[in-house]
Amino acid sequence: MRLLSVVGTRPEAIKIAPIARAAAARPAIDHRLVATGQHRELFDDMAAAFGLTVDRNLALGETGQTIEALEQRIAAALPALADELRPDMILVQGDTTSAWGSALAAHRLGMAVGHVEAGLRSHDLALPFPEERNRVEIDAVSTLLFAPTATARANLEAEPAVTGRIHVTGNTGIDALLWMRGMAAGHRLHDGGRRLVLVTCHRRENIGAGIAGICEALRRLARRPDVRIVLPLHPNPSVRAGIREALAGIANIELLDPLDYPTMVRMMDGAHLILSDSGGLQEEAPALGVPLLVLRDNSERPEALATGNIALVGTDPDRIVAAATRLLDNPAAYAAMAVPAYPYGRGDAAERILDAIEDWAATFRPRASQPASGRSPPASQA
Ligand SMILES: CC(=O)N[C@@H]1[C@@H](OP(=O)(O)OP(=O)(O)OC[C@H]2O[C@@H](n3ccc(=O)[nH]c3=O)[C@H](O)[C@@H]2O)O[C@H](CO)[C@@H](O)[C@@H]1O
């Protein structure tokens, strides 16, 4: 069974790493990892943290390029790659342009697509953009859909365009988190007695007014002497510029370069409170028992909203400050959000995904691999 994972960004590296590790221990699976180059340094840092071997780096990412340009470059690169490596299945993760471009290109070549983290839906194509559109379109062309939760499965079952086989597996991000936390055990952070408020912010739709609102809220929260606000910046220049302009030099706020994953896990684990518009952090924070306020107006993670570990606050400064102040000053409110929960699994998602892929390979795989360019589209495997 030749399995080719094509990934491009920091979160994809984190979430594919457990699959690469588990595949290496399965003699029946020949797993190759290809990086599109969408995130350059970030991806390399993550690959190093997990000891990932990248078999090919397509180096297609260019500073400032549009998502359409990247998608076209991926579409142009994939046929030669597929002809050379002859995978039985292309595996993509999540909702990035790399995942979307690779899945669509593979589908056009008649190849089987496996989607890790299928079925997440905010039910608003504009929020987050372009991720929600990417999810819908990747799921429509996928042969195997690895839904992290029963809710994600139900989302997929409600969409007539989805014809692949659905498996509920948990999220490989939790596999990565528990793996890395095990390696980082014993390294608690010292924060000088102040409570650590960890912030990340990079969603495209928050650039501009959203980031301005978030920064205003952080300026106000930083007046409290009992908190230390730490914000590792995303490398996206439009995100960095807005935040640096608003927050550079403010006492109690530390703007950092992106953290490598082991350091990030220690930061999250040691944080009192997290404010974030990241998808991955909404999954990680519940498993660590750290309350997270979501800097968005919606979420495709209803499970963590239901367990009470995360809450939506959007980007309005008054609303963010009120919610954060409540958690900082009201121990009962804090305790209610700080109970660890595992709605995204307990760290065995990668093994479940590979079990399903091996089953598929034994049952449905098309006859002997032909050059990808000569294949006909796979029939529905539902
Ligand atoms: C709309 C949406 O929700 N889309 C998501 C999006 O990703 P995201 O929003 O989760 O992306 P980020 O926030 O960049 O990454 C998060 C990871 O990075 C770690 N981290 C963070 C800062 C740092 O300084 N050092 C680090 O190590 C952090 O702990 C976490 O593991 O794409 C994914 C891939 O397809 C999807 O899964 C996913 O739905």
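Residues numbered from 1 in each chain as written. Predicted model: local features only at pLDDT ≥ 70, side-chain atom pairs only at ≥ 80, totals over all residues.

As a further point, take the overall build of the chain. When you go through the chain residue by residue, the secondary structure sums to 15 helices and 13 strands. Relative to a compact globule of 382 residues, whose C-alpha radius of gyration would be 21 Å, the chain shows 21 Å and is just as compact. Overall, the chain is about 65 × 40 × 40 Å in size when its C-alpha atoms are taken along their principal axes. Sorting the 382 residues of the chain into buried and exposed places 50% on the buried side. (Helix = DSSP H or I, 4+ residues; strand = E, 2+ residues; numbered from the N terminus. Rg over C-alpha atoms; globule rule 2.2 N^0.38 Å. Buried ≥ 20, exposed ≤ 12 C-beta atoms within 10 Å, placed from the backbone.)

Taking strand neighbours across the sheet as the criterion, the seven strands line up as 3-2-1-4-5-6-7 in an open arrangement whose pairing is parallel. At either end of the open sheet lies a strand with only one pairing partner, and these are strand 3 (56-57) and strand 7 (165-168). Sheet analysis places strand 1 (residues 2-7) next to strand 2 (residues 30-35), joined by six bridges and oriented parallel. Each residue of the ladder has a partner; that of leucine 4, found in strand 2, is arginine 32. (Pairing = 2+ DSSP bridges.)

The environment of the ligand is formed by 28 residues, the closest being Gly94, Met264, Ser278, Gly279 and Gly280. Mapped onto the shell around the ligand, the elements with two or more residues apiece are helix 1 (10-24), helix 10 (261-270) and helix 11 (279-288). Here the shell around the ligand takes five residues from helix 1, the largest share from any one element. In terms of residue class, the shell around the ligand is made up of eleven nonpolar, ten polar and seven charged. Both of domain 1 (2-170 + 348-374) and domain 2 (188-337) provide at least three residues apiece to the shell around the ligand. (Near = placed C-beta within 6 Å. Nonpolar A, V, L, I, M, F, W, Y, C, P; charged D, E, K, R; others polar. Domains from an automatic or database assignment.)

So, on to the sheet that holds strand 13 (residues 310-312). The six strands lie next to each other as 10-9-8-11-12-13, forming an open sheet whose pairing is parallel. On the outer flanks of this sheet lie strand 10 (253-256) and strand 13, each paired with one strand and no other. Sheet twist, expressed as the mean angle between neighbouring strand axes with direction ignored, is 20°. With four bridges joining them, strand 8 (residues 195-200) and strand 11 (residues 273-276) adopt parallel strand pairing. Each bridged residue has a counterpart across the sheet, and for valine 197 the counterpart in strand 11 is leucine 273. Together, strand 8, strand 9 (227-232) and strand 10 form the strand contacts of helix 8 (residues 209-221), whose direction differs from that of strand 9 by roughly 150°. (Axes fitted to C-alpha atoms, helices over the stretch in contact; angles between N-to-C directions. Contact = placed C-beta atoms within 7 Å.)

This paragraph deals with the pairing of strand 5 (residues 112-116). Here strand 5 lies mainly inside the structure; five of its five residues are buried. Across the two faces of strand 5 the burial is the same, with Ala112, Gly114 and Val116 and Val113 and His115 all buried. In this structure, strand 4 (residues 89-93) lies alongside strand 5, joined through five bridges in parallel fashion. Residue pairing for strand 5: leucine 91 is matched across the bridge by glycine 114. Once you follow strand 4 into helix 4 (residues 97-108) and on to strand 5, the crossover reads as right-handed. Two elements, strand 5 and strand 6 (residues 144-147), share three bridges in a ladder whose sense is parallel. (Right-handed = clockwise from strand over helix to strand, strands pointing away.)

Partitioning the chain into structural domains gives domain 1 (2-170 + 348-374) and domain 2 (188-337). Distance between the C-alpha centres of domain 1 and domain 2: 29 Å. Put simply, the parts of the chain that give the side of domain 1 that touches domain 2 at least two residues each are helix 1 and helix 2 (41-50). Of the residues belonging to the side of domain 1 that touches domain 2, the class tally is nine nonpolar, three polar and three charged.

Looking now at the nonpolar core. One recurring pattern in soluble globular proteins: nonpolar side chains tend to sit buried together. Among the nonpolar cores identified, the biggest contains 111 residues, and Val197 and Ile274 are the most heavily contacted of them. Examining the composition of this core, we find that eight residues originate from one element, helix 1, more than from any other. Residues from two domains meet in this core; each of domain 1 (2-170 + 348-374) and domain 2 (188-337) gives at least three. Leaving out residues up to four positions away in the same chain, valine 197 has contacts with Leu221, Val227, Arg228, Ile229, Ala271, His272, Leu273 and Leu275. (Core = buried A, V, L, I, M, F, W, Y, C linked by C-beta atoms within 7 Å.)

Those residues of helix 10 not exposed but buried are Tyr261, Met264, Val265 and Met268. Down the axis of helix 10, the smallest arc covering the buried residues is 100°, so these residues share one side. (Arc of directions from axis to C-beta.)

Where helix 8 meets helix 13 (residues 317-329), the closest approach of the two axes is 8 Å, and the angle between their N-to-C directions is 40°. Overall, the two elements helix 8 and helix 13 adopt an arrangement that is oblique. At the point where helix 8 passes helix 13, the crossing takes the right-handed sense. For the pair formed by helix 8 and helix 13, the contact residues are Gly213, Ile214, Glu216, Ala217, Arg220 and Leu221 on the first element and Pro317, Ile320, Val321 and Ala324 on the second. Along the lines of polarity and charge, the residues of the contact of helix 8 with helix 13 split into seven nonpolar, one polar and two charged. (Parallel < 35°, antiparallel > 145°, perpendicular 65-115°, else oblique. Left-handed = near helix turned anticlockwise from the far one by under 90°.)

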